[in-house]
Amino acid sequence: MAEFRNSSGGRIDRARPLTFRFNGKRYQGFSGDTLASALLANGVHLVGRSFKYHRPRGIVTAGAEEPNALVQLETGGYFEPNLRATQVELYDGLTASSQNAWPSVDFDIGAINGFFSKLFVAGFYYKTFMHPRSFWMRVYEPIIRRAAAGARAPSEADPDTYDKMHAHCDVLVAGAGPAGLMAALEAAKAGARVIVADEQAEFGGSLLGETSGIDGIPAAQWVEKMRADLAAFPEVRLLPRTTVTGYYDHNYLIMAERKTDHLGRGMGGVRQRLWKVRAKRVVLATGAHERPLVFADNDRPGIMLAGAARAYVNRYGVKPGNTGVVFTNNDSAYEAAIDLAKTGCRIEAIIDVRPQATGAMAQKARAAGLRIICGAAIAGVEGAKRVKAVEIAPLSSDGETVGGPVKRIECDFVAVSGGWTPAVHLLSQSGGKLRFDEAKACFVPNVSVQAETSAGACNGTLFLEGALEEGAKAGRAAVEAVGLMPAQESALPKVETVEAAPIHALWIVPGKKPVGHGKAKHFVDAQNDVTAADIMLASREGYRSVEHLKRYTTTGMGTDQGKTSNVNALAILSRTLSSPIPSVGTTTFRPPYTPVTYGTLAGRDVGELSDVARVTPMHGWHVARGAVFEDVGQWKRPWYYPKDGESLREAVNRECLAVRNGVGILDASTLGKIDIQGPDAAEFLNRVYTNAWSKLGIGRCRYGIMCKEDGMVFDDGVTTRLGENHFLMTTTTGNAAAVLDRLEDYLQTEWPDLKVYLTSVTEHWATASIAGPKARELVGELAPDLDLSNDAFPFMSMKEATVAGLAARIYRISFTGELSYEINVPAYQGMALWEAIFAAGETHGLTPYGTETMHVLRAEKGFIIVGQETDGTVTPFDLGMDWIVSTKKPDFVGKRSFSRPDTARTDRKQLVGLLTEDPEEVLPEGAQITADADGTPPMPMLGHVTSSYWSATLGRSIAMALIADGGNRQDTTVHAPLGVKTLACKVVKPVFFDSEGARLNG
Amino acid sequence: MLLIECPWCGPRDEIEFAYGGEAHIARPADPSKLSDAEWAEFLFFRSNPKGAHRERWVHAAGCRRWFNVERDTVSYRISRVYTGACEPVGEGQ
Ligand SMILES: [Zn+2]
């Protein structure tokens, strides 16, 4: 049996010993221990080093609020940082180490920081490390990163499985302590669908460390009875080891469930689960966190919160030490003192800052033989790696100083209580407002914004009887609010109540020297090493808002979000500013309540499932052919088809030349397709496109540009008239959904009188685009009955025909500048069509090409790509496409904006072609263009390169750019400064090949 | 994640919807009659209130219908979901 483990008592299973390692040493604990309780049982208090000063730090709490005992577990893929030892359930073989202890917990080079502690005052980041600037990267940052706190990131992929669950309920109860259990039972009895979530392994909350009885039975037995009663209701779901971490709008809550962590890692099945809950009502019963007192050197290992000391001895059968001192400003620590004394600790004294101790609790303590020293404080602490003794001195009546005879008491632990802070984190996340309760010296819920109620300690009701009553009331109110009939009221469980004497708020406990002087430090935020002196300095420097103070001093900014420190920090600020706490404000809590693993958040959405992928009916063929894919929106499109180890450029050169000189084929199925029908379809197109549509003949195609009301290009594509009242619109691949939304918007809200119906048919069709001088020959073989002559089937028209035995629509349109036929068949026949085309194409040297080749070929022709040549600030005129804007139509979307003064400017950025002086140089896309070759930055930028490629057809590079007044810069030279060199370019028209269009009309 | 009640499909998570900005800003019947300032007012200026805000949503991953929502921009509480014409803020609650 470990040294500090009692032989009986607690909720651990002494028949099930477990072995674990901490910082390389082997220890033993029991089933039911946390890592923290098992360490304390072995006499280990020192668990880490502090963030700035690298002071030795010990376990302070027994729960989620722990600021110090951050550990990392396991190794390799199972490595996990940032865990609180107070919440890690012990399992056999567990391996843990301190997070902040370079190079080791016992000997720490960072402790040298203690000598330079004047450097680490409030705002130290801003003051110390700013100058000289060049020192930041080379000197300061590496030192800080090496020595400072914070976890390492895991270096290997996590092998475990995670998942997600969506749930709905009438009442979600967060926390299964006394208030939560009562609320859940009342809701369950009314027939409500109830979810009860609690972060601990067992339900019961504070009752798990309680020694008094409820309804005549031990509290733990009462909890078990409540749990069993709840479990019997079919509509009740009980979730232990589940933390409600986030409270979002409209009662949407996120919970993190740890399913197998307590068994070890790599257990198979689902390790952790993320719950997304929509609750009609929420009962918050999240309890309260004890606050430390801010006294000199209050961070020494062995000094812990009184409630935690009580929990360790009652719940885990672990003594925090042999000889202790209790230091408090309220009654709750008396219960700890009594329980500790009862279970084998020697309690030297209860030091109470209050001038008298005459209340019922004090009487009880005296009856138990405990010595109480009133009106006194701990003025100093001896011991660095473990408290050795404390110095007790009388407090002045105003609490500002200590004086008189100093009494030295030897001890190996101190149990401290500065009062309780309701855990209002979820309420704050929900948008609820708090108010400061002077009598209780804490913030309590005040105004609800969402459908929730706080009950018990998190509502400021810090005594058991009140928590039970409030819980029951909250449960009944919740079911009534969701329209159910509450069950008949039953008597509340009976508990022994001792009337509590009022708390005495003493926000800074004076030491032997004034705060900030001498070596002693009054810590407020132990995790971020923020002292009372830091806060006082910050307020002297003008930080008056608590939100600014937080960022400047970093108080409350750690992974614990200041659960034990926020109220003390606020109160010290208020004291320094001499303005009441409510007027200083309070901080807003943000999710998550405690850290959540990335695994839980990702769930199954990892690897192949991390994003949605859309593939065409011919996808398998592309994969088999070794295509390299590119993501376009959600689509996987073949980028290029490398042959025999070709590079991207080699493959694209080959594909380009094949299309220009023979015949190539592109899978164009991903283009957005919208079927438009109705008697007003042509009128509708007139209004949404810039050009005119009424006179387009049936079976004819037309290119259109769609603008937004501000006159900027939104999308483009070819639309075909299939019948008098029937059109098929194509959109860009990535913009199809946005175009459909926009068109629906106009039809439903602006022009509901138009009879037009839109259907997305993108995935109904598979499209094979055959392009090149030999395209007619190949298509002729595939569709022998179709007359492909220019007269019968001219450019920009559509025919229905049988292709390779399949009923198809053939569009003679071109994005490459070559003679081109786009063959469309129903999607399920896409692969059959593709394979038939290749069977026939073999003898013609048919070459599959990808999007990169398509981009090069269209750029040679000066065809734009929306989103590449345009960015939401470009009009059709800027693109030199005046011809596509109707001057006759009275109105269309965007028209009015073309005459706005800024849109009508003639020196706007306009699309031009660029030819580098050195034809071998390919400009990087996005390169900035300047007028001067050798200016010094900052210098005026004319614009930027939008598209740039090597053109195998032309044997040189080509580029397009948007540059100011581009129309008037024809034949001038501009420059692209690239840092290492500057490239001179000639401005030309953005058409590099076959400008008269002979090939696509041929 | 807001819970939005589509007038046609019922209450659904926000993720199914797309936002359409302030409601009841009709496209002018004849834009050519508007001065540059008036057209700019239509294009760019929105009321951006703190409190009740009437706004447009579309059930993009559902029935694809547009409708109006009155939502408090501070609490995000939705007081009303409706289709059709403009009504003054606060009516019909
Ligand atoms: Zn809907």
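Rules behind the numbers
Residues numbered from 1 in each chain as written. Chains lettered and ligands numbered in written order. Predicted model: local features only at pLDDT ≥ 70, side-chain atom pairs only at ≥ 80, totals over all residues. Heavy atoms only, no water. Helix = DSSP H or I, 4+ residues; strand = E, 2+ residues; numbered from the N terminus. Buried < 20%, exposed > 50% of the residue type's maximum accessible area, 1.4 Å probe, protein only. Contact = heavy atoms within 4.5 Å. Areas by Shrake-Rupley, 256 points an atom, 1.4 Å probe, with all protein chains shown as cover. Lys, Arg positive; Asp, Glu negative; His and termini not counted. Charge placed at Lys NZ, Arg CZ, Asp CG, Glu CD. Donors = N, O, S within 2.8 Å, 3.2 Å for Na, K, Ca; no water. Tetrahedral: all angles 85-135°; square planar, octahedral: opposite > 155°, others 65-115°. Pairing = 2+ DSSP bridges. Axes fitted to C-alpha atoms, helices over the stretch in contact; angles between N-to-C directions. UniProt positions renumbered as here; feature names shortened; annotations may be inferred. Buried area = accessible area lost by both parts, 1.4 Å probe. Salt bridge = Lys/Arg side-chain N within 4 Å of Asp/Glu carboxyl O. Polar contact = N/O pair within 3.5 Å; in protein donor to acceptor, adjacent residues only side chain to side chain. Core = buried A, V, L, I, M, F, W, Y, C linked by side-chain atoms within 4.5 Å. Domains from an automatic or database assignment. Phe/Tyr/Trp six-rings, centres within 6.5 Å; stacked < 30°, edge-to-face > 60°.

Draft legend 1. The arrangement of the overall build of chain B in detail. Within chain B, the regular secondary structure consists of 1 helix and 6 strands. Reading the secondary structure of chain B in the N-to-C direction produces β-β-β-α-β-β-β. Once the C-alpha set of chain B is aligned to its principal axes, its extents read approximately 40 × 30 × 25 Å. Considering chain B as a whole, with its 93 residues, one finds that 35% of them fall into the buried category.

Draft legend 2. Summary view of the overall build of chain A. The number of helices and strands found in chain A is 24 helices and 49 strands. The principal-axis extent of the C-alpha atoms belonging to chain A is close to 115 × 70 × 55 Å. Looking at the 1002 residues of chain A, the share that counts as buried comes to 58%. Taking contacts inside chain A between residues at least 6 apart in sequence as the whole, the part at least 24 apart equals 66%. Per element, the accessible surface of chain A, about 40,300 Å² overall, is 53% carbon and sulfur. Within chain A, the 113 negative side-chain charges are centred at a point lying 5 Å from the centre of the 107 positive side-chain charges.

Draft legend 3. Layout of the coordination of the zinc ion. Residue and element names in this part refer to chain B. Within the protein, Cys6 (SG), Cys9 (SG), His59 (ND1) and Cys63 (SG) serve as the donor atoms for the zinc ion, at 2.0 to 2.3 Å. Its 4 donor atoms give the zinc ion angles of 104 to 119° at the centre, a pattern that matches the tetrahedral case. Donor residues binding the zinc ion come from one chain and are separated in sequence as C-x2-C-x49-H-x3-C. Assessed through its relative accessible area of 0%, His59 is described here as buried. According to the relative accessible area criterion, Cys63 is partly exposed, its value standing at 26%.

Draft legend 4. Inspection of the side chain of Arg310 of chain A at higher detail. When you line up the elements, Arg310 of chain A lands in helix H6 (residues 306–315). According to the relative accessible area criterion, Arg310 of chain A is buried, its value standing at 11%.

Draft legend 5. Broad picture of the sheet that holds strand S34 (residues 672–677) of chain A. Residues and elements named next belong to chain A. Strands sit in the order S35-S36-S37-S34-S38 across an open sheet of 5 strands; the sheet is antiparallel. Whereas interior strands pair on both sides, the edge strands pair on one side only; in this sheet they are strand S35 (701–707) and strand S38 (757–760). For this sheet the average axis-to-axis angle between neighbouring strands, irrespective of direction, equals 30°. Sheet topology places S35 next to strand S36 (residues 713–723); 7 bridges connect them, and they run antiparallel. By the bridge assignment, Cys701 is partnered in S36 with Thr720. Across the sheet, helix H18 (residues 681–688) lies against S34, S35, S36, strand S37 (726–731) and S38, angled at about 30° from S37, the strand it touches most. Of the strands in this sheet, S34, S35, S36, S37 and S38 touch helix H19 (residues 736–750), which is tilted by about 165° from S38.

Draft legend 6. Region of the structure containing the UniProt feature "domain: GCVT N-terminal" (unreviewed entry) in chain A. Taking the numbering used here, the UniProt-annotated feature "domain: GCVT N-terminal" (unreviewed entry) corresponds to residues 618–889 of chain A. For residues 618–889 of chain A, the end-to-end C-alpha separation is 42 Å, with 27% helix and 29% strand making up the annotated structure.

Draft legend 7. Inspection of the UniProt feature "domain: SoxA A3" (unreviewed entry) in chain A at higher detail. The UniProt record annotates "domain: SoxA A3" (unreviewed entry) at residues 520–603 of chain A. Here residues 520–603 of chain A is 45% helix and 6% strand, with 47 Å between the C-alpha atoms at its ends.

Draft legend 8. The arrangement of the interface of chain A and chain B in detail. Taken together, the contact between chain A and chain B spans 27 residues of the former and 25 residues of the latter. Between chain A and chain B, the buried area comes to about 2,300 Å², and carbon and sulfur atoms account for 47% of it. Inspection of the chain A/chain B interface yields 7 salt bridges. One salt bridge in this structure joins Arg27 of chain B and Glu709 of chain A, with 2.3 Å as the shortest N-O distance. One can count 19 residue pairs in polar contact (both at pLDDT 80 or more) joining chain A with chain B. Per element, the largest residue contribution to the side of chain A that touches chain B is 8 residues, and it comes from H19 of chain A.

Draft legend 9. Structural detail: the nonpolar core. All names here are of chain A. Residues Phe20, Leu35, Leu39 and Leu94 are the most contacted members of the largest nonpolar core, which totals 53 residues. Mapped onto the domain boundaries, this core takes at least three residues apiece from domain 1 (1–157) and domain 3 (289–417 + 502–584). The residues contacting Leu94, other than those within four sequence positions of it, are Thr19, Phe20, Arg21, Leu35, Leu73, Glu74, Val88 and Glu89. In this structure, Val424, Leu426, Val515 and Leu549 belong to the second largest nonpolar core, which totals 47 residues.

Draft legend 10. Quick peek at the packing of aromatic side chains. Residue and element names in this part refer to chain A. Counted under the stated rule, the structure contains 22 aromatic pairs over all chains. Taken together, a centroid distance of 5.0 Å and an interplanar angle of 70° make the contact between Phe436 and Phe443 edge-to-face. Taken individually, Phe436 and Phe443 each receive the classification buried, so the pair is uniform in this respect. Between Trp621 and Phe838, the ring centres sit 4.5 Å apart and the planes meet at 35°, which makes this aromatic pair tilted. Taken together, the residues span a long stretch of sequence, with Trp621 in helix H16 (residues 619–624) and Phe838 in helix H21 (residues 830–841) at a distance of 217 residues.

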